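What follows is the residue order along each chain.
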Amino acid sequence: MALQVGIVGLPNVGKSTLFNALTSAKAEAANYPFCTIDPNVGVVTVPDPRMDKITGFVKPQSIVPTTMEFVDIAGIVKGASQGEGLGNQFLSNIRQTDAIIHVVRCFSDDNVIHVSGSVDPVRDIEVINTELMLADFETVDKRLKKIEKTAKSTADKKLKIEYDATLKIHSALAKGLPARSVQLDEFEALVARDFHLLTMKPVLYACNVSDTDFAAGGNDWTRAVEKRAEEEGNKAILICSAMEAEIAQLPPEERAEFLSAMNATEPGLHRLIREAYNLLGLWTYFTAGEKEVRAWTIKKGMKAPQAAGVIHTDFEKGFIRAEAYHCEDLFTLKSEAAVKTAGKYRSEGKEYVVQDGDILFFKFNV
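Residues numbered from 1 in each chain as written. Predicted model: local features only at pLDDT ≥ 70, side-chain atom pairs only at ≥ 80, totals over all residues. Heavy atoms only, no water.

Enquirer: Where do I start with the overall build of the chain in this structure?
Expert: From N to C terminus, the chain includes 14 helices and 12 strands. Its C-alpha radius of gyration of 23 Å places the chain within 12% of the 21 Å reference for a compact globule of 366 residues. Counting contacts in the chain only where the partners sit at least 6 residues apart, residues at least 24 apart contribute 68% of the total. With the model as given, the accessible surface of the chain reaches about 18000 Å², and the carbon-plus-sulfur share is 51%. Distance from the positive charge centre (43 side chains) to the negative charge centre (51 side chains) of the chain: 7 Å. (Helix = DSSP H or I, 4+ residues; strand = E, 2+ residues; numbered from the N terminus. Rg over C-alpha atoms; globule rule 2.2 N^0.38 Å. Contact = heavy atoms within 4.5 Å. Areas by Shrake-Rupley, 256 points an atom, 1.4 Å probe, with all protein chains shown as cover. Lys, Arg positive; Asp, Glu negative; His and termini not counted. Charge placed at Lys NZ, Arg CZ, Asp CG, Glu CD.)

Enquirer: So what exactly am I meant to see when it comes to the pattern of salt bridges here?
Expert: When the charged atoms of two side chains with opposite charge come close together, those side chains can pair. Across all of its chains, the model carries 18 salt bridges by this definition. Put simply, Arg321 and Glu323 hold a salt bridge, and the shortest N to O gap is 3.6 Å. What makes Arg321 partly exposed here is its relative accessible area of 31%. Its relative accessible area of 17% is what places Glu323 among the buried residues. For Glu348, the salt bridge goes to Arg346, with nearest N and O atoms at 2.7 Å. Classification of Glu348 as buried rests on a relative accessible area of 17%. (Salt bridge = Lys/Arg side-chain N within 4 Å of Asp/Glu carboxyl O. Buried < 20%, exposed > 50% of the residue type's maximum accessible area, 1.4 Å probe, protein only.)

Enquirer: Help me understand the pairing of strand β4 (residues 67–72) in this model?
Expert: The side chains of a regular strand alternate between both faces of the sheet. As paired strands, strand β1 (residues 3–8) and β4 are joined by 5 bridges and run parallel to one another. Among the inter-strand pairings, Ile7 is bridged to a residue of β4, identified as Asp72. Here 6 bridges tie strand β2 (residues 40–45) to β4, and the two strands are oriented antiparallel to one another. Residue pairing in the sheet places Gly42 in a bridge with Phe70 of β4. (Pairing = 2+ DSSP bridges.)

Enquirer: Any chance you could explain the nonpolar core here in plain terms?
Expert: Across soluble globular proteins, nonpolar side chains show a tendency to be buried alongside one another. Ranked by size, the top nonpolar core spans 59 residues in total, and within it Leu22, Met68, Phe70 and Leu272 carry the most contacts. Excluding residues within four positions of it along the chain, Leu22 makes contact with Ile7, Val44, Phe70, Leu269, Leu272 and Ile273. One finds Ala304, Ala322, Val354 and Phe362 within the second-largest nonpolar core, a separate group that totals 16 residues. (Core = buried A, V, L, I, M, F, W, Y, C linked by side-chain atoms within 4.5 Å.)

Enquirer: Sorry if this is basic, but what is going on with the sheet that holds strand β6 (residues 203–208) here?
Expert: Pairing between the strands of a sheet is mediated by backbone hydrogen bonds and can be parallel or antiparallel. Taken in spatial order, the 6 strands line up as β2-β4-β1-β5-β6-β7 in an open sheet, and their pairing is mixed. In this open sheet, the two strands that pair with only one neighbour each are β2 and β7 (235–239). Strand-to-strand twist of the sheet, defined as the mean angle between neighbouring strand axes without regard to direction, takes the value 25°. Strands in contact with helix α3 (residues 121–153) are β1, β5 (99–105) and β6; relative to β5, the strand with the most contacts, it is inclined by about 145°. Contacting β1, β2, β4, β5, β6 and β7, helix α10 (residues 268–279) crosses the sheet at an angle of about 170° to β7. (Axes fitted to C-alpha atoms, helices over the stretch in contact; angles between N-to-C directions.)

Enquirer: What is the right way to read the side chain of Ser241 from this model?
Expert: With respect to the helices, strands and loops of the structure, Ser241 is situated in helix α8 (residues 241–249). The class for Ser241 is buried, based on a relative accessible area of 2%.

Enquirer: Please explain unusual backbone geometry as it appears in this structure.
Expert: Excluding glycine, residues mostly carry a negative phi; peptide bonds, for their part, are mostly trans. Positive phi values are uncommon outside glycine, yet Lys59 reaches one of about 55°. Note that Lys59 resides in the loop between α2 (49–58) and β3 (62–64). A relative accessible area of 59% places Lys59 in the exposed class. For His196, which is not glycine, the phi dihedral falls at a positive 55°. Turning to its location among the elements, His196 is positioned in the loop between α5 (186–193) and β6.

Enquirer: Can you help me understand the packing of aromatic side chains in this one?
Expert: Each aromatic ring pair is described using two quantities: the centre-to-centre distance and the angle formed by the ring planes. Under the defined criterion, the tally for this structure stands at 5 aromatic pairs. With a centroid separation of 5.9 Å and an interplanar angle of 85°, the aromatic rings of Tyr285 and Phe362 are classed as edge-to-face. Placement of Tyr285 in strand β8 (residues 282–288) and of Phe362 in strand β12 (residues 358–364) is noted, with a sequence separation of 77 residues between them. Phe362 gets classed as buried once you look at its relative accessible area, which sits at 6%. Here the aromatic residues Tyr285, Phe319 and Phe362 are joined through ring pairs into a cluster of three or more. (Phe/Tyr/Trp six-rings, centres within 6.5 Å; stacked < 30°, edge-to-face > 60°.)

Next up, the structure:
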């Protein structure tokens, strides 16, 4: 399953610099508001050290990691819903995304303009969240007005469910609460998903700090953001966009030395991608053979037939069984043959819940 994440934030908080580092692209990044106008889209390989270990034992002809797509849009300012700045029309570019990374400025630099004149990340979060809610309210309000009269008189159960869900979300947004705060039943949630509401998506706050504060583990601003994220049920991580952009330009052999000097074991971008996975409840399983080792993304708790369907719908329709073992068993025992000898190689049926790190081979018939 393809994962798509939208990047939002005020102008000049480091969004495009972060995007450039993530994708090794060249989105324009400059010290003035609204530098990014058209959305930037980039596909990133999801780092997974387990793949390197698997290929060391299996020795395939090719390696296919899983990927994540990032969409960087123009900076949003207070009043965007009323046309301030570049307005909020660019929000349509991230409505189809699975999650949002909200880049928050947590560094002081007189040479980098702040649209509000001072650094206050919690205030900045409020600005962006308000604009996202206003955009969602406009969407839901239009839908409510369209179906309200018919829904009150119809016997159509589906329309009544849609009306109930729409009314609940409309009420929350009118009170300044995000759509994700609304308690919906299973059927209402299915209807609401089709609205593609921005405030229904999980949020990961990326606290953009200086390299000094990154090495120190943060500052007062980042701690305020972490507290706010916890209150919302979201998460915040530290990132130094400028440093990550520099790392992305280094030859691979020099990156480890650079990271060591910064008291880091891996690029912050790797943590950001992992946290996006965790935020969405995603796991990875592998298929491994002499021809190819490949990573596949699934929802946590997905059963074997549905996991097989990620490869091809025929695999799910004609599912017979899954031959399975865990990558950690391969790392310990050094070969698939040894895994079988140790009794770690299993045959699993339709009710098997695939685990993160499983290596699977599907049997099917269509």
